[in-house]
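In case you want the letters, here they are:
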Amino acid sequence: MGTSLPLPKYHQIYLVLREQVQEGRFDQDGVPGEHALADQFDVARITIRKAMEMLVADGLVSRRPGLGTWPLRAPASPSSAPKSNPQQKAHLTGLLENIVNMGLRTSVRVLDSTLVSAPPVVAEALDLAPGAPVHKSLRVRSTEAGPLSHITTYVPQAVADFTREDLEREPLLMLLEAAGVEFGGATQTISARLADAQVARHLDVAVGSALLAVTRIVRDVDERPVQLLQGLYRPDRYQYQLQLSRVGSIDAKVWVSEELSAQFH
């Protein structure tokens, strides 16, 4: 038939919470209570309870009366990709061109920009001590068709200082360049994520919708991490393309990316 029934609401919430648990979202404060989650997802507590029961059955969380709900598994680290393998790094020339192009064709709304203590996962990705000061920024970029992406970035305070007003005027990489950063390369991972309630509201999609997820660690010429980017993109408005070429001897040819390109509408 080719027609599929929508997932029950509790299952959609389970999928969103499962991703957040695996990403380490609740490592410090635990999973929010049923009342808070019910308000966040705009559902009844029984719906949240069913989703939580699935997480417990999967061995992802532990629920203890009076102590709350806590993750049981170590979070996936955004820095799991090798940091020193040049074949897995993207040259920033194409990325910078794409960012400038995107800045000309889209508008950005800065949701928040504050100095925070780096959570363990962020500190690991940026080679910092846990709790080191970092600039955390949340932005939503839009085209004429509507919202395109929800971007969370972390920049060590030791690398650059900037304000919310600065972010509203210029792309973050341009601000880093102005602060004297000489870009060397970037490690990038592209995967998929499900929209939680907050992101769904900003991107005008349903909770549980599939999004294109980009995690990027940008380094300077001395291999120092200067930015961690976690981007969520609407796949109906954003495409990411790689131009590949074959290199190597006949018996050991491999595909290598030559150019990075982002398309959006």
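Because the structure is predicted, anything quoted here is derived from the model rather than measured.

Helix and strand counts for the protein stand at eight helices and eleven strands. The proportion of buried residues among the 265 residues of the protein is 46%. In the protein, the share of contacts with a sequence separation of at least 24, taken over all contacts with a separation of at least 6, comes to 59%. In the structure as shown, the protein presents an accessible area of about 14200 Å², 51% of it carried by carbon and sulfur atoms.

A few words now on helix α2 (residues 34-41). Of the residues making up α2, those classed as buried are Glu34, Leu37, Ala38 and Phe41. The arc enclosing the buried residues of α2, seen along the axis, measures out at 100 degrees, which places them on a common side. In this structure, α2 carries His35 and Asp39 as exposed residues pointing more than 90 degrees from its buried face. Against the buried residues of α2 lie α1 (9-22), α3 (45-57), β1 (61-64) and α8 (197-203).

Below, the discussion takes up α1. The first and last C-alpha atoms of α1 sit 20 Å apart over 14 residues, in line with the 20 Å expected at 1.5 Å per residue. Summarising the contacts, the buried residues of α1 are in contact with α2, α3, β1, β2 (68-71) and β7 (183-194).

Attention shifts here to the packing of α1 against α3. Look at α1 against α3: their axes get within 8 Å of each other, and the N-to-C directions meet at 50 degrees. Taken together, the axes of α1 and α3 are oblique relative to one another. Between α1 and α3 lies a crossing of right-handed hand. The segment α1 lies against α3, with Lys9, Tyr10, His11, Ile13, Tyr14, Leu17 and Arg18 engaging Thr47, Ile48, Lys50, Ala51, Met52, Met54 and Leu55. Looking at the contact of α1 with α3 residue by residue, the class counts come to nine nonpolar, two polar and three charged.

A few words now on unusual backbone geometry. Non-glycine residue Asp42 carries a positive phi angle of around 60 degrees. By secondary structure assignment, the location of Asp42 is in the loop between α2 and α3. Positive phi, normally seen in glycine, also occurs at Asp127, with a value near 55 degrees. For Asp127, the location among the structural elements is in the loop between α5 (120-125) and β5 (133-143).

Below, the discussion takes up the pattern of salt bridges. One pass over the structure, following the stated rule, counts eight salt bridges. Residue Arg25 pairs with Asp196 through a salt bridge whose shortest N-O separation is 3.6 Å. One end of the pair, Arg25, is in the loop between α1 and α2; the other, Asp196, is in the loop between β7 and α8, with 171 residues separating them in the sequence. Relative accessible area serves as the criterion here: at 6%, Asp196 is assigned to the buried category. The partner of Arg164 in a salt bridge is Glu168, with the nearest N and O atoms 3.8 Å apart. Remark: Glu168 and Arg164 occur in helix α6 (residues 164-169); sequence separation between them is four residues, near one turn of the helix. Here Arg164 falls in the partly exposed class, since its relative accessible area comes to 33%. Overall, Glu168 belongs to the partly exposed group, its relative accessible area being 42%.

Assignment of secondary structure puts Arg139 in strand β5. Buried within the structure, Arg139 lacks any salt-bridge partner; Glu168 is the closest side chain of opposite charge, at an N-O distance of 10 Å. Aside from chain neighbours lying at most four places away, what touches Arg139 is Val108, Arg109, Val110, Leu111, Ser149, His150, Ile151, Thr153, Leu167 and Leu172.

Once that is clear, we can look at the environment of Val205. Relative to the assigned elements, Val205 resides in the loop between α8 and β8 (210-220). The partly exposed category is assigned to Val205, whose relative accessible area is 21%. The spatial distance from the C-alpha of Val205 to the C-alpha of Pro147 is 9.5 Å, given a sequence separation of 58 residues. Sequence-distant contacts of Val205, that is, excluding residues within four places in its chain, are made with Ala195, Ala200 and Arg234.

Another point: the environment of Gln227. Note on placement: Gln227 falls in strand β9 (residues 225-233). On the basis of relative accessible area, Gln227 is assigned to the buried category, the value being 3%. Between the C-alpha atom of Gln227 and that of Arg216, which follows or precedes it by eleven residues, the distance is 7.9 Å. Once residues within four sequence positions are removed from consideration, Gln227 is found in contact with Leu126, Thr153, Tyr154, Val155, Leu172, Leu173, Leu176, Arg216, Ile217 and Val218.

Overall, the coordinates contain one aromatic pair when judged by the stated rule. Plain terms: the ring middles of Tyr233 and Tyr238 are 4.1 Å apart, the flat faces sit at 25 degrees to each other, and that makes the pair stacked. The exposure class assigned to Tyr233 is buried, which follows from its relative accessible area of 6%. Its relative accessible area of 5% is what places Tyr238 among the buried residues.

Reading the values: rules and limits
- Residues numbered from 1 in each chain as written.
- Predicted model: local features only at pLDDT ≥ 70, side-chain atom pairs only at ≥ 80, totals over all residues.
- Heavy atoms only, no water.
- Helix = DSSP H or I, 4+ residues; strand = E, 2+ residues; numbered from the N terminus.
- Buried < 20%, exposed > 50% of the residue type's maximum accessible area, 1.4 Å probe, protein only.
- Contact = heavy atoms within 4.5 Å.
- Areas by Shrake-Rupley, 256 points an atom, 1.4 Å probe, with all protein chains shown as cover.
- Arc of directions from axis to C-beta.
- Expected span 1.5 Å × (residues − 1).
- Axes fitted to C-alpha atoms, helices over the stretch in contact; angles between N-to-C directions.
- Parallel < 35°, antiparallel > 145°, perpendicular 65-115°, else oblique.
- Left-handed = near helix turned anticlockwise from the far one by under 90°.
- Nonpolar A, V, L, I, M, F, W, Y, C, P; charged D, E, K, R; others polar.
- Salt bridge = Lys/Arg side-chain N within 4 Å of Asp/Glu carboxyl O.
- Lys, Arg positive; Asp, Glu negative; His and termini not counted.
- Phe/Tyr/Trp six-rings, centres within 6.5 Å; stacked < 30°, edge-to-face > 60°.

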